[in-house]
Every structure is written in C-alpha cells, then in structure tokens.
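One-letter residues, chain by chain:
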Number of protein chains: 4
Amino acid sequence: VTTSTQLYDSLFTAQSIRDAFSARATVQGMLDFENALARAQAQVGVIPAEHAATISAKCRAELFDVDALANAATKAGNVAIPLIKALTALVAKENESAARYVHWGATSQDAIDTGMVLQLKQTLDFFDAKLLQLSDACAVHADKHRHTIMVGRTWLQHATPITFGLKAAGWLSAIERHRTRMAECRTRLLVIQFGGASGTLASLGERGLEVAKELARELKLNVPAASWHTQRDSFVEFASVSGMLNGSLGKIARDISFMMQTEIGEAFEPAEEGRGGSSTMPHKRNPVSCAVVLSAATRLPGLVSTMLSAMPQEHERGLGGWHAEWETLAQICQITSGALEHTVFMLKGLEIDAARMRANLDITQGLIFAEAASMALATHFGREKAHQLIELACQEAISTKRHLRDVLAKDAQVSSQLNIVALEKIFDAKNYLGVAEPFIDRVLAARKQ
Amino acid sequence: VTTSTQLYDSLFTAQSIRDAFSARATVQGMLDFENALARAQAQVGVIPAEHAATISAKCRAELFDVDALANAATKAGNVAIPLIKALTALVAKENESAARYVHWGATSQDAIDTGMVLQLKQTLDFFDAKLLQLSDACAVHADKHRHTIMVGRTWLQHATPITFGLKAAGWLSAIERHRTRMAECRTRLLVIQFGGASGTLASLGERGLEVAKELARELKLNVPAASWHTQRDSFVEFASVSGMLNGSLGKIARDISFMMQTEIGEAFEPAEEGRGGSSTMPHKRNPVSCAVVLSAATRLPGLVSTMLSAMPQEHERGLGGWHAEWETLAQICQITSGALEHTVFMLKGLEIDAARMRANLDITQGLIFAEAASMALATHFGREKAHQLIELACQEAISTKRHLRDVLAKDAQVSSQLNIVALEKIFDAKNYLGVAEPFIDRVLAARKQ
Amino acid sequence: VTTSTQLYDSLFTAQSIRDAFSARATVQGMLDFENALARAQAQVGVIPAEHAATISAKCRAELFDVDALANAATKAGNVAIPLIKALTALVAKENESAARYVHWGATSQDAIDTGMVLQLKQTLDFFDAKLLQLSDACAVHADKHRHTIMVGRTWLQHATPITFGLKAAGWLSAIERHRTRMAECRTRLLVIQFGGASGTLASLGERGLEVAKELARELKLNVPAASWHTQRDSFVEFASVSGMLNGSLGKIARDISFMMQTEIGEAFEPAEEGRGGSSTMPHKRNPVSCAVVLSAATRLPGLVSTMLSAMPQEHERGLGGWHAEWETLAQICQITSGALEHTVFMLKGLEIDAARMRANLDITQGLIFAEAASMALATHFGREKAHQLIELACQEAISTKRHLRDVLAKDAQVSSQLNIVALEKIFDAKNYLGVAEPFIDRVLAARKQ
Amino acid sequence: VTTSTQLYDSLFTAQSIRDAFSARATVQGMLDFENALARAQAQVGVIPAEHAATISAKCRAELFDVDALANAATKAGNVAIPLIKALTALVAKENESAARYVHWGATSQDAIDTGMVLQLKQTLDFFDAKLLQLSDACAVHADKHRHTIMVGRTWLQHATPITFGLKAAGWLSAIERHRTRMAECRTRLLVIQFGGASGTLASLGERGLEVAKELARELKLNVPAASWHTQRDSFVEFASVSGMLNGSLGKIARDISFMMQTEIGEAFEPAEEGRGGSSTMPHKRNPVSCAVVLSAATRLPGLVSTMLSAMPQEHERGLGGWHAEWETLAQICQITSGALEHTVFMLKGLEIDAARMRANLDITQGLIFAEAASMALATHFGREKAHQLIELACQEAISTKRHLRDVLAKDAQVSSQLNIVALEKIFDAKNYLGVAEPFIDRVLAARKQ
C-alpha cells in the first residue's frame, strides 16, 4: 500500500481484479503476447524454433525490474518499449541469435492491447461468476418473498402495495440482461491485437495472417477481421456494459439504503463485527456496502464518457486517446469488481423485516388503497369521476385523521355502489397485487443457467 | 423554427428523426399506447368493445392542442397526465360511458415510456438504413482502393505505407460491429412498458398479463419479463451504442479532416455550391460535414454519461432520473441521425487524390521505409542492432538532406548484406504492404448483408 | 411548441431564458453585433457614417426569414453566414454603397460568439436575481428555524440532533459561494469576440483595436486582451459554475424529497391545485419541483463535460469543438434557469412540520443521544471506552426495546458517574446542539446584499 | 510500483504530487488534523495540555502500519476510523489518560476532509509554480516570435497569416485566466472541516467555534462559515478549474502536435536521447508530451463530471457521493500535475522552424492572401462583390495551377483598381497582420507577476 488510492483498494475493489491489474500481472500480459508471438512464429516457420524456445523461457514477469520499466516509460511514452528492450537483453545473455527475434514484426501497441485483452478476459470471467451469484441471490429473494407485501413507492411517496419479491425480480431482470450483454461483448472483445507498425504486418511479408492465427490459438483468443489500433469500439463496449451494470447495482443499493432508513427499517445490510461503525456515534450502523456501490455508480458514468471521448483516434495510431484508456479501463474493472462483490454480499445476507414492511403499509390509514378504491368505483362512475371522488375522500381522511375506509363507508355515493364487505376487500393488500406473482415467475423463468 | 436549437437543426440532425421527435409525433406515440391499450382491453374483454372503438377514434394527435398540453405539464410534472385528461374529455363528448375506460389500469409512465420506445423503433430503423449505406460506401472504398498506396501515420507522424483501402476497411470493421450491436440492442429495447401504478398492474386484477400481450401485439412490440419503470438499462444501452457509433464516426471525420489539411490534401469532403464557404475568406473550402460529425462525437459522451447517471432510480418510480432521460434520449437520436447522414454524404462523395497520397509518401526521402530496411537487416544483425543501425542512418539522412536509400547504399555494414537491387526493392512501397489486402478481404467477407 | 423538447420547456426552463434563446433572439444577438460594428467603424472613421446608419436600421431580427436562415445554415455550416448575406441584400436594396460595408473586417465567429455573450449576459442577470431570491428564502428559514430541532442524518441513518435552521444555513452557505463565483465569472465572460479571419483583424489594418474598443462600448462589454476564437475557457467557466450551482440545488431537492417521504413527513413542497397529481393514484402529492431540480442536477455534469471536452480546439478556429458548444451552452442556461425557478418556488413555499420533526427525534428511543451520552462519559472513562460502553448499551436498548436512558440508568458504571438529573439533561436535544446557532449566524453574516 | 496504474505514474504525473498523495502522506494529513485538534483544544482549555502534547507526539505517519489501516478500512468504510483507533492505542501505551482525548469532538469526515484540504493546498502550490513557469515560457515565445510569420489555420485549412507570437499569446491569455481562477478558488478551498457528527460540534458544547478557530490557525487554514460535510462545491470548483486548465493545455498540445506533423514540420517537442522512439520504426520521433497532455485533456471532463454528479449528498453526511470524491480528486491532482509538467517541458524546449513556417505560407500560391485581396477590392466594389470576384480568381488559380497574384494581375476589373505595386503589397504577409502585435502586447501587459 503506497498510494492514497491503495488505502481504499480493499474497500472499493475485489482482490482478484486487483491482482489482475497489478504491475506484475500487467507486465506478464505483455510477456504472454511476446511469448505466444515467438512460439507462433516458430510454428509457422518465420523464426527458428530453438530461438523461440529461448525467448519463451524469458517471458516471465518475475525476471524483470518493474520499477525500472516504469521509470523508462516516461521517456519512451509507454512501458512496452523498455520491456521489449529488457527482454531482448535478457535473451541475448542466453543466446545472441535468439535475441534477434524478440518482438519480431510486432509493434508496442500489439503487446499492450493484447495484454489488456488478457486482463479483460480475467475480468469478464470474474464478472460472470459474480453476476451468477447475484442472479441466484436475487432469485432467492424473488421467490421467497413472493408473498411478502410491502409499500410500493413512486416519487418517494407511498403508491400502491407490491411484494418484496417483485422488487427483487425487478433487480434480477436487469442483472439477467447484463449477463447477456457481457456475453455478447465477450465475442467481440476477446481478440488479439496484431498489426505491426501501421496495421499491415508489413514486416512479416505475406506470413502475417498465418502468424496471427497461430498467435491467437496460443492465447486462446480470436483473430479479428483486421487490426484495430484506432478502432476502439470493443474496449468502449466493455466499459459501457460495465457502466450500465453499475447503474443497476446502484439502483439496488439505493433501494436498500432507502429501506434501511431509520424511519423505514424494512431491510438491512448484513451486520458484522466492526462493520459500519461511526468514529463518534456508538449507535450507528452505517450501510457501508450501499455507500461503496453508490460511489461506483457515481464514478462509472464519467469513466465511460472518457472512453467514448477517446474514440476518434488519429489515423493508424492515436495521440492521447489511446493513452487515456489505460488507467480508465483498469479503474472500470476494479471499481465494478468491488461493486459486484459488495452487492453480492449485501443481497446474500440481506435482513428483511417483513413485519415492518407490513406495518409501513398502514401508516397512511388506507391512503395506499386509494387507487384500488378508485378502480373499484371506476366501473360505476368512470375512471375520471372515480378519481376525483377518491381524491376528495383522501383529503378528508387526511384532514380529519381518519382511515380512508371509514371516510368512504360514510360517503353516500360510494356506499351506494360498495358495501362494507366490498370495501374491506379493497383495503386488503393481498387483493391488490395484480400480476406481481406472474411477473416474478416470468423473470425467474427467463434466467440463464 | 422558434428556438436557437432549431436554428441548427437542419445542420445537425436528419429530417426524419426530427419528425419522429416533433411535439406532435411525441403526443401521437402516447396516443398510440392509449389506442392499443383500449383495443387490447376490448379484445381481452376488460372493457366494452364499442367503447374501445370510440376511444381509438380519438387517439389522433391532430385533435389536441399541443401548446395547452405543454403548459399543463408544468404543474402535472409530465405531459401524459394532461393528455389523458384531454383525451378523456374528448371521448366524453362522444360518449360519457366510453370516457370511463380511457387509460384503464395504466399509469402515465406506461404511456410515456412506450411512446418513447415507438420513437426509438423509428430511430433504429433509420440508423439501420444509414449504417447499411455507410457500410456500402466504406466497402466500395476498401475494395476500390486496395492498391492505392498512402502514408500510414502514427502519433501524427509518418510511420510505414498502407493503402487507403485498408484505412476504409478499418472504418468498415467498426461500422459492422455497431450494426450487430444495434441488432442486439433492438431485441431488448422494443418492448412495451405496462405496469400500472407500482408495476403490478393491480387495477387489472388477474387480467394484466393477457392485456399486456395483446397490447404488445397491437404495437408490434414484445412483452418484457416484468415492467421496467425503474430498470432503465435498455434505454441506456441504446444511448451507449449510439455513443460508440458516434465515436467511430468521429474517427472517420477526424481522419478525413486530417487528410484534407491544406498541407496534406489527400482526400476531400464533397464540394457543392455554397458549401463550406467562409464569410470573409474567398478561397476557403471548410470541411462542414467533418465539423458536424466531430461535434456529435464531442457531445455524445456527456449525454451517455447522463443516461448512466440517471440509472439508480428510486423504488418503483424515480424522482428526477426518469425526467433527465426525456430530452437526453431525444438529443441522442437527433445528433446521431445527423452525424450518420453527414458521414454517408462524405463517404459517398469523398474525393481521393491518389497522386498526392503517393507524393506525400516521398516527402521524407525514404524515411518511411526505415522499418522495412530495419527488418531486412534484422535477419542479418538481429532486430535490435538493425534498429540502431537504421536509426543512425535516418539521422544522417535528415542532417545531410539525402535519401535514406543513398545513405544506406554508402554504408559498409549495410552494403555487405544488401546489394542495390535488394535496396531498391526495400524502398518500393508496394513491397511493404504485408497483409493489407487480406485484411481488407476479411473485413469485406465479414459484412452483414 | 413544435418539438418534443418544447413539450417540456415550461416544466424544465424559465420563460425569460427561453426567450433569451429563441431563434429570433439568437439572430438578434448577431445583428446587435453587426449593428454595433457598423456604428463603431463609423465612429472611428473606417466606414462612412451614413452607410453605418443604413446598416443599423436593418439590424432587426423581425426583418429576416428565420426558417430560411436555418435551412441555409446546413450548407454554410453556421447561421451567421446566411444572415450576413441576407443583411447585405437588405441593406443593398436601400443603398448599394452601404451594403459594401456590412460585416466589415469581421468573421462569422465574431458575430456568433459575441451574440452568445449577449445571451449569457441576460442569463447571468437572471441567475443573479434568482440567486438573491434563493439566498433570501434560505436566510428566512435559517433564521426562523434556528430553534426548530430535528434529526441530523448521516448515511441516511439518525445521527445526532440538529436544527432545521442549520440545514437551511448549509444550503445558504453554498448559494452564497455560487453568487461570488458568478460575479467572478462575469468579469471574464462579458467581453466581445472580435478577431477577423485568424484573430489579427488584418483587414482593418492598424485600426482594429480602435474599432474593438468602440464596438465593446456600444455593446456594454469589455475588450479582451486578444481574440479568443479557440480559447474557450470563459464559456466553460460559465458552464462549470452553472454545473456546481445545479449540484447545490440538487442537494436541496434531495434533502426536501427525503424529508417529504411518506414515512418521514417533515417538509413539503408547496401544494397547488393540480400540482403533482398522479394519473392513477388519487392520494398522491408528488414532489414535482424536486424531480425537476434533481433531473437538472443529473443532466448538468454531462453537459459540463461536453464543454470541457470541446476545449482543445484546433489552431485559429476549431473543427467540431466550437459547434458542440452552441446547443450545449443554450441547454445549460435553460436547464439551470428552470432549476433555479423551481428551487425558489419550493423554498419560498416550503411547508415545515416542526412537530413531526420533533417526533421523529424520538422514534429510536434515545439512541440519537448515544454520542451525547458517550461524550459525557468520555471525560470519566476516555473517549474509546465510553464509546464501547454506550455501544453495548445501545445494543441492549434495541434488543430489549427500552429507552437508552433507562438502560443507562440501570448501568452501574454509568450511574456511578451520572445521576438521573445529569442523564435527563443528556437526553434533552436542546442541550446537544453545540454551535448550531453561531454557525447559522456566521452564515447569515457572510451574506452579500 | 505495484499496480498497473503505477507503471505509468512517472509518465502521467509529477513526482511531488505523487508524493502528496502517497498512502503515507494521506495518513499524515489526517494525523496533522488530529495533532492540530489536540493542540487547539489544549490551547482553548478543552483538554489538558500535557495530554495534547502526548497525542501530538504520536501523530506521525511512520508510526502506523499503513497496510493494516487499508485492510481495516474495508469494514469501517473509511480509513480514518481505524487510524483513530490505532492512534488512540498508541497514545494509551504512553498515557491512558491522554488517550481519552484523541479525536475529541470530531468525526472521521472532519479528519479526512481536512487532510484532503492540506493535500490540495500542496497541489495548488505546485500548480501555481508550474503555471508561472508556463506563463513565462509562453511570454518568451509571444515576445520572441512577434514577427515570426506563419499560416493561420481555421477548420484545419489555411486562412490568413498570423505570427507564432500571436499563437503563443493566445495560449498565454488562457493560462493567465486560469491563474486568476486558481487564486479565487484557493480562498474558498483552504478551510478546515470541523463539524462533528452532524455539523453542530455538539460534543464540544459552546466551545466549538473557539476550538475551530485555533484548529484553523494551527493548520494555516481558514474557518468556514459553517461545516460543509455535504456542501462540496469548493472541492468541485477545484476540480472544475483543473478541468478547464487541462482543456487549455490540451489546446496547446493539439496545436503543437499539428505543427509537428511530418508534412507541416513547423514546431517540435524537445528531442532527448531515447525520447519518443518507436519499438519498430527507427526514424520515428513521437510527440510523447503531446500524447500525455492530450490524454489528460481527454480524461479530465469525465472526472469533473463525477465530482459534479457527486454533489447532491444526503442530509448531514452523504452516502456514496462523498466516497466517490476520494480517488477522483487524487487523480485530478495527479493527472493535472503531469500535464502541467509536460507542457512546461514542451514549451521551454520547443523547437521552432521559422523557415518552414514561412515556406508553408507559400504552398497555396497566394491563396492565403485571398481575404487581403478581397478587402483591398471591397473598398472599390463592396465586400460581397469583391468576395465573389476573388472567389472566382481563386478557383482559376487552383485549376490552372497559377499564383493568385498572377491571375489577379491578368484580371481587367482588378487591374483597373490595383496596379502591380499595390498587388505585390497585398501578397506580402507582413502587411496583413493587423493588430497581431498590439494583441501580443496587451496579453503580455495583463500578466500577473
């Protein structure tokens, strides 16, 4: 832990993605490219097989002085240039002739981009695993709480009853769409970058494509139609889908933090020794995970917009746009990893107070059934007149602090159409849940396994 | 034309998308929802068929006073509320009983969101058509200019030769990926919004899903797993894909504007009477379309970030986030439509000066073949030593203002390995294009028809 | 009302700023420039005085066909070019010789930028007026409610007591800083743009500066050090300060909407006939103004980032960046105007339920005084031990559903240090407000008049 | 160097700002707060002086295990909570009684925010120093090159002549405005955060303000009107001004990178051994500093928008918004520091090829004097007719590949008004620079010392 950012890494990011973006792992990604390149070229016959073997043996990050590489990057403009120089020197110590073939025919962006693709692949695998856990956790809530009635809230006001299961199903439906998007993104993203200086692989003559195919095979990636040094859409797509995912996680955290308000108390982040305490208030239990997830949802839009802004890159290789991607993509991966981890943690351990949910339904003395009453009367008076009639009754209930049901029972027009039994039925939440349950079932049925 | 924005509408947007987002068309979208809702409910037996017919007959935007609706929106908070009131009044004039069933069981967001989906459908259709034209135009350039040699530029410096066909193929490859993304987005986007007050369709009892299916059939949309009042990911996906598309269009415009620089003069936007003139400089021919497309690429990242920021919407219906979408989405559609139209125009009429491309290749007196020479020597001296050797020769060529080939011909080490014929071959661009042509063919082969 | 955006203009924007950015007003802004230019040049003796008078007489927007100008902008790339052409034609009808001197020595960007500055001046005036109203409204609340005790909430959890006056003072402190920022921004922003083709005013020979000074005097603007065709920082500053302002307004709206939650009910947007109703729920009173203000706070960050992204404009006049500003700046003005108007409306008519504020203080049975108790014990046991002691007492109070005071009264360690009277005092909110009132007074004292 | 970000730290950031945001420095910032707090409270008599001394002695970052703090932050939600716990333990080892008074009356946000203010103060000092260097470097170019004539370019096309001095003066004018903005921002930014749990300093009774004043004195900061836990405008202002600054630096880098294009060759980043080389092309000299500065200008808008989006923080302390600031602010400081350093480096060592500037003026065979010719004729024929006349002459010059002067000399209408001497004068650039030099002088005169 040497930077202020790292002070908060364990709060904001998942360990495995921190590892994927360590300095060493980043260097290793580029070395994986150089290694695979040498092997591919030997396979195709572009360079001698024994030299490829010598090169391969040196493509291990632990053999390099990462601090020195970082320093050298300042003048070189990127870290691949000093890395290739260092790799060449290392190979030369073993075999001068082998050293001639290091990085043969490639350009530094080939190594950097392909290394990034390998890191994104790890990230996608992590995201997929977490999304599945998230999907499972949501599905459990959706199913288990299909009859747990609570207040539906619109504009932060009581609206009509829903179930907590339906709320969880809503979260789930978005998660499932993100799983599909990640899968679609993956097919475009997991390709090698290999174009040489200007994207023609000129220095390999006519053997470029053959080498590319073998290189891709070595790295378990695909071969793109052409090199994409200045066509960055797939990186940006990854960023965008991550952005959307964080938006949906932010929605979950927002809902939970609202339900966890002292005055509402319907749901709670899992409690743990020492979690969410205050430095000064002994009674506090702060929603730490909600804070982390909401901070991620606040940060991603700006980072995604950076990726979009960096897209119009100049000619065959860009000036500044490409450089803007490096840290931005790493941050997107890390922040998203943390938000996913915290959301999974929250949802798996979420404490639900069903009694409180039930109780909150009643605090407005029946107003939450205003629409139900309105619709019941609408068949008799029409939608608009019924709406006005109930609106007046609501005002009377509020000003006289009476239950809306009692106000309606006293109303001549209403009682002419609805008797007490009918009225009681209207004010029973379980009769006013519509297709909440079929909706839950549809969402559950649409889950990918 | 009444607002400052409209002063530039014909510059920045396409007519058909302006039409799709006219005030009247927007009102019509909501009326299409109300119309389909009435018909669906009649079909399912929720409301009387004759009343549905009466409602249907009034669902035409030209029957409404759009100015009055806009005024009423101020207090109501959205335009659907006064619209439904006005529709109800209109129907009531015809038949009091029919008026009872206007907007039956729906909420205003159902009408607004579904109306927006219908507008986005038109937009997607327009985008698809333009993307096909763009794909065609790029394909023509890629194919026709597969042998048109030009300078490949990296960091805005001469790098190695490429062909203009490869540059166009690069543009094409991104366009094709965007076509796929638009298609994938479409499947998630084109669904009805129908949930009633809190997403349960409670006021329709158990008939909600039946009505939903019929409603979707009427509107040629799909039924989502559940209502998505606060799950906005599909709208945001549309915005994001549009953002990425504009990034790629911006890259095309950037390349063209750079090639069109007075000192470079390789490619030109189509000329037209009165196009791109200056108010004061008679000789100017300004790249108007590039300016429009680049301004779109500058604006989209911010608009996409707004859509992402608006995602964590509160509980069953949001407060502010939803409202932030309305104008933002409309702008995304309009700006993208203009950028597409200008790019198609530019690419269809792009003037290429192949001779100038050729001539620019020579202005560095052979330096552009430095890599070619380096690779030719690398088999003899190793990649790194060859690199140093050529680096020195380049410096000599520059300081003595001689052609690199001549410097090399005089170099003892070089001439020991390469004779004049070999050297001449190195300095012939057509021998140093690698797999530019196979890359073009791969991109062309991958086109969707 | 012809576009979907205009449907919501009366909801989202203030009338006077809509007027300032009407198509006609925008054209008038450019004509004001041309008018002042002619008069200035006559004054300085660059053009004949009688010709200037003829030109001046035609610089009235109502003489021009705005639709035709908008159409012509498509090819020209901006609206100033066709406007100057039309103005020249109009003058020529009167006097051929006078027509020679229209737009003398200027470039279209001079007219467009200066026109925009004039619109921003109107906007700043409007902002200043509204900010003063806002400051007044906050000051009234801060002063009037200096003793209105309510729950202080951190992380959306009860923390310790505050007063509503202090909350309002917090809002006020930010508003006051924004007033200062607007004033500072004004001095840099309100300058003419006048540089001619490349910023040298070459076509005026050595008279450029003289004309510039006279032109500025005519327009009641200042003369900048040099022309700023591609130095856009002052426009961006205006955008940024507007963005910050919206952030602070959003904070006010967020606080109010949270206090207005059904379960909390401490403060309410003003009620009005037909305001915030629901299309389907008769009992609803939606916080419409909060929604508008929060949507503005959601939209501004993206728009500000667009202005920032557009800054690195090319050489003497930019390609795309400048064009990206036009609509973005107009939107920033309009959205901010609406957010200001809604916030002023809300704060002036804000309904406070002081009894409910008081009641909410008690719902945790004394937990909100946990810090007070902890500090009282800290002098005896040290801060950390006292914290642990109270933490345990809080847990007991919660699990046994007792008042924290009663739990503490039963605790041997506590009662050894604090008797009943001391305990009672701790649990009286008015004894635990620290310097809330001095803070209020400091904020009030710092107000600009 | 342990993270991928750190691999590029020496490329993208300045050492002194990296140091200011090291983990240890960040911890020290919070300890400086705790130290000053203890001393202030002793001074005021809130805590015993000898205990304050004991606490002070332990407020040194090197006494703490930073890794352990980072780990503990995960559960606690921020790093101040475990830090205060560790500090208390450390003090307790020395003196149990003293430990009671650690962090007396403060909340963790007080320590974190004030620590950040101290880091921003260092950053502002660095920015000021670099801005002065930048101002000096620009001023030198503006003055030295007041007669260095070059092409003025608009829309990336040749427009009319300017001087390089004027271009540098344009850069300078923006830098000077940013210096003023930084100074204005500083007065609002450099204040302590001190409010305790909910901003009332309740636990200090009536002594809060006294302590605050003493605390501020200790830290050489000011006392704000009230605490600003959820009023974040001053942090956002710092971010915005930094964003604007990067926009202006990006403009400089864009201009330089364009002048450095192989075909243009007018200005060059300083050369250095091993700087800007290519891994594969021996002849390349890449504009590394331009790339870094442009990447900064690409990244800042998104980061600023994050700060703006985070503004509407909840009630007395926010949930997620505050957390989103930490890394974002640190990045803004670091990226800006690097962009400043690279721009200073570039401008100090910028190589100007005045001969090439001059030569480029001629490549259009006189077209660049089209406006000059047009204005010369305008006094005879009127602006519009002269414009048309020259426009035709330009077309003829282009199609016949002749110099515009020669075309005009052959034109009857033209030669009727302008003789050869007059024509020659028109085509001499030094006669068509208008007030370029007075503009330079105005900008130089407006410099702050």
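**Student:** Quick rundown of the overall build of chain A? Include the residues and the values.
**Tutor:** The helix and strand tally for chain A stands at 21 helices and four strands. Taken over the C-alpha trace, chain A has a radius of gyration of 30 Å; the compact-globule value for 449 residues is 22 Å, which it surpasses by more than 25%. For chain A, the spread of C-alpha atoms along the three principal axes comes to 100 × 50 × 35 Å. By element, 50% of the accessible surface of chain A is carried by carbon and sulfur atoms, the whole surface being about 13000 Å². Each charge class in chain A was averaged separately, 46 positive and 48 negative side chains, and the resulting centres sit 3 Å apart.

**Student:** Can you tell me about the interface of chain C and chain A, naming the residues and giving the values?
**Tutor:** The interface of chain C with chain A comprises 42 residues on the first partner and 42 residues on the second. In this assembly, chain C packs against chain A so that about 3600 Å² is buried in total across both faces, 57% of it on carbon and sulfur atoms. Scanning the region where chain C abuts chain A turns up two salt bridges. Across the salt bridge formed by C:Arg153 and A:Glu263, the nearest N and O atoms sit 2.8 Å from each other. Connecting chain C to chain A are nine residue pairs in polar contact (both at pLDDT 80 or more). Here the side of chain C that touches chain A takes five residues from helix H17 (residues 383–399) of chain C, the largest share from any one element.

**Student:** Run through the relation of the copies chain B and chain A, naming residues and quoting values.
**Tutor:** Each copy of the sequence occupies a distinct position, and chain B is placed on chain A by a rotation of 180° and an axial shift of 0.0 Å, giving an RMSD of 0.0 Å. Overall, the copies show the geometry of a two-fold rotation axis. A share of 100% of the interface residues of chain B reappears at the interface of chain A, consistent with the copies meeting face to face through the same patch.

**Student:** Residue-level account of the packing of helix H9 (residues 108–144) of chain C against helix H10 (residues 164–189) of chain C, with values.
**Tutor:** All names here are of chain C. As a packed pair, H9 and H10 sit with axes 9 Å apart at the nearest point and diverge in direction by 160°. In terms of orientation, H9 and H10 fall into the roughly antiparallel class. With respect to the hand of their crossing, H9 and H10 are arranged in left-handed fashion. Grouping the constituent residues of the contact of H9 with H10 by class yields 18 nonpolar, three polar and five charged.

**Student:** Which residues make up the relation of the copies chain C and chain A, and what values go with them?
**Tutor:** Mapping chain C onto chain A calls for a screw motion: a turn of 180° about the axis and a shift of 0.0 Å along it, with 0.0 Å RMSD after fitting. Same-surface contact between copies: 100% of interface residues of chain C are shared with the interface of chain A.

**Student:** Outline the interface of chain B and chain A, supporting the account with residue identities and numerical values.
**Tutor:** Each partner contributes residues to the interface: chain B has 100 residues there, and chain A has 100 residues. Of the roughly 8600 Å² buried at the junction of chain B and chain A (both faces included), carbon and sulfur atoms supply 61%. The largest per-residue losses of area from chain B upon contact with chain A belong to B:Trp155, B:His315 and B:Arg383, which jointly make up 9% of the total buried on that side. Here chain B is connected to chain A by ten salt bridges.

**Student:** How would you summarise the pairing of strand E1 (residues 149–154) of chain B if you had to cite specific residues and measurements?
**Tutor:** Residues and elements named next belong to chain B. With respect to burial, E1 is a largely interior element, six of its six residues being buried. Pairing between E1 and strand E2 (residues 157–163): five bridges, direction antiparallel. Bridge pairing links Arg 153 to His 158 in E2.

**Student:** How would you explain helix H16 (residues 370–381) of chain C if you had to name every residue and give the values?
**Tutor:** Residue and element names in this part refer to chain C. Within H16, nine of the twelve residues are buried, leaving the element largely enclosed by the surrounding structure. When H16 is considered as a whole, its buried residues turn out to be Ala 370, Glu 371, Ala 372, Ala 373, Ser 374, Met 375, Leu 377, Ala 378 and Phe 381. Looking at the packing, one finds that the buried side of H16 touches strand E2 (157–163), H17, helix H18 (404–410), helix H19 (412–417) and helix H20 (420–426). Backbone geometry just downstream of H16 places Gly 382 in the positive-phi region, at approximately 90°.

**Student:** Which residues make up the packing of aromatic side chains, and what values go with them?
**Tutor:** In the structure shown here, the tally under the stated rule is 46 aromatic pairs over all chains. Between A:Trp326 and D:Phe12, the ring centres sit 6.0 Å apart and the planes meet at 50°, which makes this aromatic pair tilted. With A:Trp326 in helix H14 (residues 321–349) and D:Phe12 in helix H2 (residues 9–12), this pair bridges two chains. A single burial state applies to A:Trp326 and to D:Phe12, both of which are buried. Cluster of aromatic residues (ring-pair linked, three or more members): A:Tyr8, A:Phe12, D:Trp322 and D:Trp326. Residue placement shows C:Arg405 over the ring face of C:Phe427; its charged tip is 6.0 Å from the ring centre.

**Student:** Lay out the side chain of D:Thr163 with the relevant residues and their values.
**Tutor:** The residue D:Thr163 is located in strand E2 (residues 157–163) in this model. Leave out the neighbours within four places in its chain, and D:Thr163 touches D:His145, D:Arg146, D:His147, D:Thr148, D:Ile149, D:Met150, D:Leu433, D:Ala436 and D:Ile440.

**Student:** Describe the environment of D:Met259, and please don't skip the residues or the numbers.
**Tutor:** The topology assignment puts D:Met259 in helix H12 (residues 233–259). Considered as a pair, D:Met259 and D:Gln109 are 150 residues apart in the sequence and their alpha carbons are 48 Å apart. If we skip the residues at most four places from it in the chain, D:Met259 touches C:His315, D:Met150, D:Phe164, D:Lys167, D:Trp171, D:Ile264, D:Gly265, D:Glu266, D:Ala267 and D:Met357.

**Student:** Give a description of the packing of helix H10 (residues 164–189) of chain A against helix H10 (residues 164–189) of chain B that names residues and reports values.
**Tutor:** The geometry of H10(A) relative to H10(B) is characterised by a closest axis approach of 12 Å and an angle of 165° between their N-to-C directions. Here H10(B) runs roughly antiparallel to H10(A), going by the angle between their axes. You can see that H10(A) and H10(B) cross each other, and the crossing is right-handed. The segment H10(A) lies against H10(B), with A:Arg177, A:Thr180, A:Arg181, A:Glu184 and A:Arg188 engaging B:Arg177, B:Thr180, B:Arg181, B:Glu184 and B:Arg188.

**Student:** How would you explain the environment of B:Ile398 if you had to name every residue and give the values?
**Tutor:** Residues and elements named next belong to chain B. Along the polypeptide, Ile 398 turns up in helix H17 (residues 383–399). For Ile 398, a relative accessible area of 52% translates into the label exposed. Note: C-alpha distance between Ile 398 and Thr 364 (34 residues apart in sequence) is 8.5 Å.

**Student:** Explain unusual backbone geometry to me, using residue names and the numbers behind them.
**Tutor:** Of all residues except glycine, most have a negative phi; of all peptide bonds, most are trans. Of note, A:Trp155 is a non-glycine position whose phi angle comes to about 55°, a positive value. Looking at the element boundaries, A:Trp155 is found in the loop between strand E1 (149–154) and strand E2 (157–163). A relative accessible area of 4% means that A:Trp155 is categorised as buried. Residue C:His103 is not a glycine yet carries a positive backbone phi of 60°.

Parameters and conventions
- Residues numbered from 1 in each chain as written.
- Chains lettered and ligands numbered in written order.
- Predicted model: local features only at pLDDT ≥ 70, side-chain atom pairs only at ≥ 80, totals over all residues.
- Heavy atoms only, no water.
- Helix = DSSP H or I, 4+ residues; strand = E, 2+ residues; numbered from the N terminus.
- Rg over C-alpha atoms; globule rule 2.2 N^0.38 Å.
- Areas by Shrake-Rupley, 256 points an atom, 1.4 Å probe, with all protein chains shown as cover.
- Lys, Arg positive; Asp, Glu negative; His and termini not counted.
- Charge placed at Lys NZ, Arg CZ, Asp CG, Glu CD.
- Contact = heavy atoms within 4.5 Å.
- Buried area = accessible area lost by both parts, 1.4 Å probe.
- Salt bridge = Lys/Arg side-chain N within 4 Å of Asp/Glu carboxyl O.
- Polar contact = N/O pair within 3.5 Å; in protein donor to acceptor, adjacent residues only side chain to side chain.
- Least-squares fit on C-alpha atoms with pLDDT ≥ 70 in both.
- Axes fitted to C-alpha atoms, helices over the stretch in contact; angles between N-to-C directions.
- Parallel < 35°, antiparallel > 145°, perpendicular 65-115°, else oblique.
- Left-handed = near helix turned anticlockwise from the far one by under 90°.
- Nonpolar A, V, L, I, M, F, W, Y, C, P; charged D, E, K, R; others polar.
- Buried < 20%, exposed > 50% of the residue type's maximum accessible area, 1.4 Å probe, protein only.
- Pairing = 2+ DSSP bridges.
- Phe/Tyr/Trp six-rings, centres within 6.5 Å; stacked < 30°, edge-to-face > 60°.
- Lys NZ or Arg CZ within 6 Å of the ring centre and 35° of its normal.

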